[in-house]
Amino acid sequence: MSASDARVTAPGRRVVFSLVADADPGTLPRVLEYVAKRGLVPLALHSRLTGDMLDIAMEIGDLPQAETDHVGRCLGQIPMVVRVSVSELAAEAAVAAERFAELVAAE
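So, here is what we can say about the structure in this document. Here the structure is a predicted model, which is why all the values come from computation and not from measurement.

Details of the overall build of the chain
Along the backbone of the chain there are 4 helices and 4 strands. Ordered by position from the N terminus, the helices and strands of the chain form the series α-β-α-β-β-α-β-α. Residues classed as buried in the chain amount to 37% of the 107 residues present. If you take every contact in the chain between residues at least 6 apart in sequence, the share linking residues at least 24 apart comes to 78%. Accessible surface computed for the chain: about 5900 Å², of which carbon and sulfur atoms make up 55%.

Structure (structure tokens):
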């Protein structure tokens, strides 16, 4: 049984982790490594280099609140990560969609 088969899910719940981190070549792999180790696959991922900082938006589906909180805390402990915020799409769809649109439009 894989890690993704064994974990509790919240069907239909979608969250967006928004991170601001140092523009280091190891930042994005470390973020994705942590997510992959938990058996999670992002539904969407976008990163944008802004000066010496990296803005990352990562959407993950079916994540229960307790696991969302845990993932957010752990992402914040990655040395290069300066700030982590979490939005639930069901409750804040307009704000999260706007954030993704901002990141994509800035390209």
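From this point on, the discussion continues.
Some words on unusual backbone geometry
Positive phi outside glycine occurs at Asp-62, with the angle close to 65°. Position of Asp-62 among the secondary structure elements: in the loop between β3 (53-61) and α3 (65-76). Asp-62 sits in the partly exposed class, given a relative accessible area of 33%.

A look at the pairing of strand β1 (residues 14-22)
Sheet faces and side chains relate simply in a regular strand, where the side chains alternate between the two faces. Of all 9 residues making up β1, 7 are buried, and the element is well covered by its neighbours. As judged from the 9 bridges shared by β1 and β3, these two strands associate in the antiparallel manner. Opposite Arg-14, over in β3, you have Gly-61 as the bridge partner. Here β1 pairs with strand β4 (residues 81-88) via 7 bridges, running antiparallel.

Description of the pattern of salt bridges
Here the structure, examined in full by the defined rule, presents 4 salt bridges. Lys-37 is the salt-bridge partner of Glu-33, the closest N and O atoms lying 3.5 Å from each other. With Glu-33 and Lys-37 both in helix α2 (residues 27-37) and 4 residues apart, this pair spans about one turn of that helix. Taking relative accessible area as the criterion, Glu-33 reaches 41% and is therefore assigned partly exposed. By relative accessible area, Lys-37 is classed as exposed at 63%. Between Glu-67 and Arg-38 there is a salt bridge; the shortest N-O distance is 3.4 Å. Pair noted here: Glu-67 is in helix α3 and Arg-38 is in the loop between α2 and β2 (44-50), with a separation of 29 residues, a long-range link. Take Glu-67: its relative accessible area is 10%, and that puts it in the buried class.

Thoughts on the sheet that holds β1
Taken together, the 4 strands give an open sheet; going across it, the order is β2-β3-β1-β4, and neighbouring strands pair in antiparallel fashion. Edge positions in the open sheet fall to β2 and β4, since each of these has one partner strand only. Strand-to-strand, the axes of this sheet are offset by a mean angle of 15°, without reference to chain direction. Contacts between α2 and the sheet are confined to β1, β2 and β3, with β3 contributing the most and set at about 20° to the helix. Running at roughly 165° to β4, α3 makes contact with β1, β3 and β4 of the sheet.

Each value, and the rule that gives it
Residues numbered from 1 in each chain as written. Predicted model: local features only at pLDDT ≥ 70, side-chain atom pairs only at ≥ 80, totals over all residues. Heavy atoms only, no water. Helix = DSSP H or I, 4+ residues; strand = E, 2+ residues; numbered from the N terminus. Buried < 20%, exposed > 50% of the residue type's maximum accessible area, 1.4 Å probe, protein only. Contact = heavy atoms within 4.5 Å. Areas by Shrake-Rupley, 256 points an atom, 1.4 Å probe, with all protein chains shown as cover. Pairing = 2+ DSSP bridges. Salt bridge = Lys/Arg side-chain N within 4 Å of Asp/Glu carboxyl O. Axes fitted to C-alpha atoms, helices over the stretch in contact; angles between N-to-C directions.

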